Structure formats: C-alpha cells, structure tokens
Amino acid sequence: MLESFIEIEDKLVKALQETAFMTITSLVIAVILGIGLGLVLYITSEPLLSKNTPVYEVIGFIANTISSIPFLILMIFFLPISAAVVGTKIGSKAVLVPLTVAAAAFFGRLAEASFSDVDKGVLEAVISSGARKSHVIFKIVLPEARISLIKNITVTAITVLGFSAMAGLVGGGGIGDLAYRYGYQRYKKEVMIICILLLIILVQLVQTIGDLTVRALNKRGR
Amino acid sequence: MSEQKRAGKLIDFEDVSVSFKQRKKVTEAVRDVTFSINEGEIIGIIGSSGAGKSTLLRTINRLQTVSSGRVTVEGKSIGELNSGELRKLRSNIGMIFQHFNLIGSKDVYSNIEFVLLENGKTKEEAGKRIDELLKYVGIEDKKHSYPGQLSGGQKQRVAIARALANNAKILLCDEPTSALDTETTEAVLNLLKQINRELNITIVLITHELDVVKEICDRVVVMDEGRVVEIGDVYDVFTRPGSEFTKTLIRKENRFVIPSNVLENAHGKIVRIDYFDENAERALIAEAIEEFGVRINILHGRIEFIKKKPVGVLYISINGEPVQTRDALKYIRENSGKMEVIRDA
Ligand SMILES: Nc1ncnc2c1ncn2[C@@H]1O[C@H](COP(=O)(O)OP(=O)(O)O)[C@@H](O)[C@H]1O
Ligand SMILES: [Mg+2]
C-alpha cells in the first residue's frame, strides 16, 4: 500500500489539483449566478416586492429542467457549448461549464428558499417605513438570509464535488477519474481506497468550513 | 374628549373592499368599509380573528392594495400615488407589530439607522436622532444590543422608536401587546398614550384584548366578517353596544357571574344592576333602603373605569314587604343603566 502510494503520489496530487480547480471555480461562479437566480425567483414570488407569476414560472421551469437532467448527460450535452465558451471540449476547463450550470440551477433553488425564509414581518416592517425595494433586498434580505445561504452553499459544494468525479468522462481528470482508471480499469484496489478516503476527507473539510462559518456568524446577534 | 382632539379627518375609508383570490377560492377579507379616523385620536379596531382587521389596517400604507373603494390619507387618495410618493407616505406612517419584526442581524442602532438613511438622513443626523428616540422610549442602554438579547417589552420599544424615526404622524399598531405579559402591556400602552399626547400622533390600534381598548382608545371600531358593525366612543360602545355581535363580544370577555353557593345562601329576590354614566356615581342602594325600607344585601360587585368613567356591576338580594320591594325595584330600574332580576323569590 505504501509502495503504491509513492508510485502514484504525483498522480494523486495532480488529481487533487484538478478536483480543487473544478470544484472551487464552478462553485464560486455558481454561487454568484445562483444568488442572482434565487433573488429573481424570490422577488417575482413575493407580493411585497415585485410578484410576477409568469416570470417566476418560466425561470423556475428552466431551473427545474436543468436540475432534473442527470449530470453525466448534462455534461455530454454541454460539450459543444463548452467548446464555444472556454475554447476546449476536453479537460478540466471544459467540465467547468456544465458543472457551473448544474450547480447554479441547484443552488438557485436553495437560495430562493433561503430568501423566502426571511421573516415576512421584517420585510413588512422595513417596507412600511418607506425603504426602497432594492435596498430592502440588498441591505435586509441578503444579510438576514446569510446563515441559511452559507448552509446551502455547503450543500452545493459537496454536490459539486460529487459531480466533478464524473469529469473523467470528458478528460477532466480529478480524484474521481483517478479512482475510475486505476481502481476499476486496472484493479488497483489501494488507489481506489485512497481516492475514496480523499473524497471523504474533502467532504468533511467542506462541511467543517461551512459549520464553522455558520457558528461564527451566529455568534453575532440573534 | 377635548375639542382639539377632534380636529378633522386624517384617514378616510370609502367603500373599501379587499378580496383575496387563491386558486378557486375567494376570501372577502374587507367588505364595503366606510368611516374616518380623526387627527390626534387613538382608535381601536376589535373583532374576532379573521375579521379583516389586519387587512384593513394594511390598506392605510398600501401594504395591501384595495380591490375596490378608496383610502385617503391627509386628503390624498393613496391608490394613485407613484412609487416615490408612496415611499414618502410610508415614511410618515409608522407601523408596529405583535412580533416586533426587528431585523435580527442588526443591532438596535442599525435597526433604526436603516429607516433614517432610507429617508435621506446623513449618518450624523441619524446618530443624533437615534439617541433622541432611544431616550424617549426609555432604552438608551440597549443601543448596541441585538434584538435576540432583548425582552419583549424592550423589543417593542425599539420597534416604536423605529416607527417614529421619521417623525411619523400616524402610528399603525397590529396587536402590539398581544405577545407581552400584563405588566409590560401596561408599560407599552402608557408609552403609546404618551406618544399620542405629546407628539400628537394619531394611533390606529388592533387588539383582541378589550382591556387595551378600554385603557387607551378614544373610539373603537368593531369588525365582523370583513364589515364594520359598530363604531363609536369607547365608553358608549362598551356600555351600550348597538350590534348583537358587539354584545356577544363584550359578554364573552365579561364573564362576571355570581358564584352558585352565594346564590343558594341568599334570601329574597336577587337582582343584577349594571350602571354607567352619571348613574354609576349615585348612592342608589342607600337611597333605595332609605326610601322604601327594604333590606338590601350586596352579594357581589365590581366597578371599572373606561376612559376614567366608571362602569359597574352589582348583584344584590332584596327583602321586604312585597309592595315596598316592588317599588324599590322600580326605583332602581329607573335610576340605573340596566337592571335584571336573576331570581324572583
Ligand atoms: N395574503 C392573503 N392571502 C389570502 N388570504 C388572506 C391574506 N391575508 C388575509 N387573508 C384572509 O383574509 C381574512 C382576514 O384576515 P386578517 O385581516 O388577517 O384578519 P384579522 O387581522 O382580523 O385576524 C382571513 O380569512 C384571512 O385568511
Ligand atoms: Mg390580524
């Protein structure tokens, strides 16, 4: 086991880098897009803001559609689009596009729920004081939803990590790919176990970071 | 009530109706409501849960748009305001709630600062105003506390400070004391009274506690199933309710009955006397005893004050010669607000 570890150490490091690159990059973009999507869904469903049922239904339908396509299929479907956006059909970069889209749709719905959970009474109180809607959204709703948002970002990060394991299919590399090639195709059980352990550690790490952030935010106020 | 308090109409409801459509179901929350609120008064809105009180209140600052009819505030029909004008109107109308609705992620200072900055104040102006406001509502020491660290009474004080921040002329209160204990309720009501008196702010207050109305309101509106069934001076409505609904509402709260063992042990006729207005202050019983030579025994009684005017209930037993008893009863009947023979023995 130790022997094979040294043997594939370089490959593990590379895989870890690829996984980190794919996960972090797409997560960051997806969080930004998802907050935007969540806000649009929230605002168009909230009578106190700018309720607009047709807009809500259309955008909600698109988000649901993306979320209901299995990631593997979404990835293949997105290959030509990836080529146009990031200039390549293979490698970690190519995976970024479908990964970001899937994560944004997934996180957008969660963000919407985070916003909807903001106390309606608080919303009513600030709107009745004559505040601008845009300020209500950015200065009240976003800060009030922050803890719930962090929790949902954590969930999204773990989901994206899982999605990124399928990147090998289009040459995206990463830990999932390593486990597949060595563990499945070459019957190197040890490599597979190391990869699984690594993924478990990564998930725990993400969860811990999320929990600590929530705790830090909780300390203030409330 | 002073003349000055009846200065003129401030808020006007004209045939206001609000209905909610949810899928196939239509709820008519407010139906054809027409009445006015006077400048400087404290007006209560009572009625059972779901009567449409909150919906009606929310039409005043257009948190709720009307389905038909018109709401006028200071002579302006608010349905026609554009968004800028609406925000201006809202900044002049404060609102407080049962659950306080403070921004949990902001401390007391920032809660109030937000509404001041939203209405064009600078940070410095806001800072000064906040100190002033917190002093007025009596919680200067909580300036940097978070809502989660405050008691219910303190939270409502912060909410009141926030509602008054932009020099509101009207304060809308939706069950402001319903989440508070008796003592705190008393303190918050006193603060509201003070605000009304000192700052000449018109207060519209929803409550399900009739005692709250008796304590601070000048007039009261009674709502049932979306309609206003009665409106009038608090003392009049509570002593001489005009609608069946109001009678039931008052009776439900006023479960003032005589214990059965007292009833069993008493001799003679038993009479319940309700007295109010000038009658409440008369020595009616003493007069009856003196005049007719009957023996009167007081079994049970209570007197309370609505807007400083007494309202009383008295259970008495009366014994004596039949003729004198009859005359005494007649005398009491004529000189009290209301008399009812409970047991005619
Ligand atoms: N946003 C809403 N959507 C649908 N129905 C509502 C809404 N707000 C209030 N209602 C309904 O309108 C009626 C009156 O409600 P409300 O004004 O809250 O009554 P109250 O404050 O007197 O208890 C109730 O039947 C309530 O269910
Ligand atoms: Mg209500």
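Above this text is the structure in question.
Here we summarise the structure given alongside this text. In this text, all values refer to a predicted model and were calculated from it rather than measured experimentally.

1. Brief notes about the overall build of chain A
Of regular secondary structure, chain A possesses eight helices and zero strands. Counting only C-alpha atoms, chain A reaches 70 × 40 × 25 Å along its principal axes. Counting every position in chain A, which comprises 222 residues, the buried fraction comes to 44%. Partitioning the intrachain contacts of chain A with sequence separation of at least 6 by distance along the chain shows that 77% fall at a separation of at least 24. Working note: accessible area of chain A is about 11200 Å², and carbon and sulfur atoms make up 69% of it. The average position of the 20 basic charges and that of the 15 acidic charges among the side chains of chain A differ by 5 Å.

2. Brief notes about the nonpolar core
Residues and elements named next belong to chain B. Within the largest apolar cluster, 125 residues are counted, with the highest numbers of intra-cluster contacts made by Ile11, Phe13, Ile60, Ile112, Ile160, Leu192 and Val204. Residue-level mapping places this core at the junction of two domains, with at least three residues from each of domain 1 (2-252) and domain 2 (260-343). When sequence neighbours within four positions are dropped, the list of residues in contact with Ile160 reads Ile96, Val137, Val188, Leu191, Leu192 and Ile195. Judged by nonpolar contacts, the second largest core, of 18 residues, contains Val271, Val294, Ile296 and Met339.

3. Remarks on the site of ligand 1
Residues and elements named next belong to chain B. By nearness alone, every residue bordering ligand 1 is listed as Phe20, Gln22, Thr27, Ala29, Ser48, Ser49, Gly50, Ala51, Gly52, Lys53, Ser54 and Thr55. A distance of 3.1 Å separates an oxygen atom of ligand 1 from a polar atom in the backbone of Ala51. Between Ser54 and ligand 1, the recorded distance is 2.7 Å, taken from a side-chain N or O atom to an oxygen atom. Relative to its unbound accessible surface of 560 Å², ligand 1 loses 62% to contact with the protein. Contributing elements (two or more residues each) for the shell around ligand 1: β1 (9-22), β2 (25-38) and α1 (53-58). The dominant element in the shell around ligand 1, judged by the number of residues it contributes, is α1, at three residues.

4. Considerations on the interface of chain B and chain A
Across the boundary between the two partners, chain B contributes 23 residues, which contact 22 residues of chain A. Taken together, both faces of the contact between chain B and chain A bury some 1900 Å²; the carbon and sulfur share is 56%. Three residues stand out in chain B for area buried against chain A, namely B:Arg87, B:Phe114 and B:Glu118, and they jointly supply 28% of the buried area on that side. Where chain B packs against chain A, one counts one salt bridge. At the boundary of chain B with chain A, the tally comes to eight residue pairs in polar contact (both at pLDDT 80 or more). Elements that contribute at least two residues to the side of chain B that touches chain A include exactly α2 (83-91), β6 (93-97) and α3 (108-118) of chain B. In terms of residue class, the side of chain B that touches chain A is made up of nine nonpolar, eight polar and six charged.

5. Some remarks on the state of the cysteines
Residue and element names in this part refer to chain B. Scanning the entire structure with this criterion turns up zero disulfides over all chains. For the unlinked cysteine Cys217, the closest cysteine sulfur is that of Cys173, found at 9.2 Å. Judged by its relative accessible area of 0%, Cys217 is buried.

So, how was this worked out
Residues numbered from 1 in each chain as written. Chains lettered and ligands numbered in written order. Predicted model: local features only at pLDDT ≥ 70, side-chain atom pairs only at ≥ 80, totals over all residues. Heavy atoms only, no water. Helix = DSSP H or I, 4+ residues; strand = E, 2+ residues; numbered from the N terminus. Buried < 20%, exposed > 50% of the residue type's maximum accessible area, 1.4 Å probe, protein only. Contact = heavy atoms within 4.5 Å. Areas by Shrake-Rupley, 256 points an atom, 1.4 Å probe, with all protein chains shown as cover. Lys, Arg positive; Asp, Glu negative; His and termini not counted. Charge placed at Lys NZ, Arg CZ, Asp CG, Glu CD. Core = buried A, V, L, I, M, F, W, Y, C linked by side-chain atoms within 4.5 Å. Domains from an automatic or database assignment. Near = heavy atom within 4 Å. Polar contact = N/O pair within 3.5 Å; in protein donor to acceptor, adjacent residues only side chain to side chain. Buried area = accessible area lost by both parts, 1.4 Å probe. Salt bridge = Lys/Arg side-chain N within 4 Å of Asp/Glu carboxyl O. Nonpolar A, V, L, I, M, F, W, Y, C, P; charged D, E, K, R; others polar. Disulfide = S-S within 2.5 Å.

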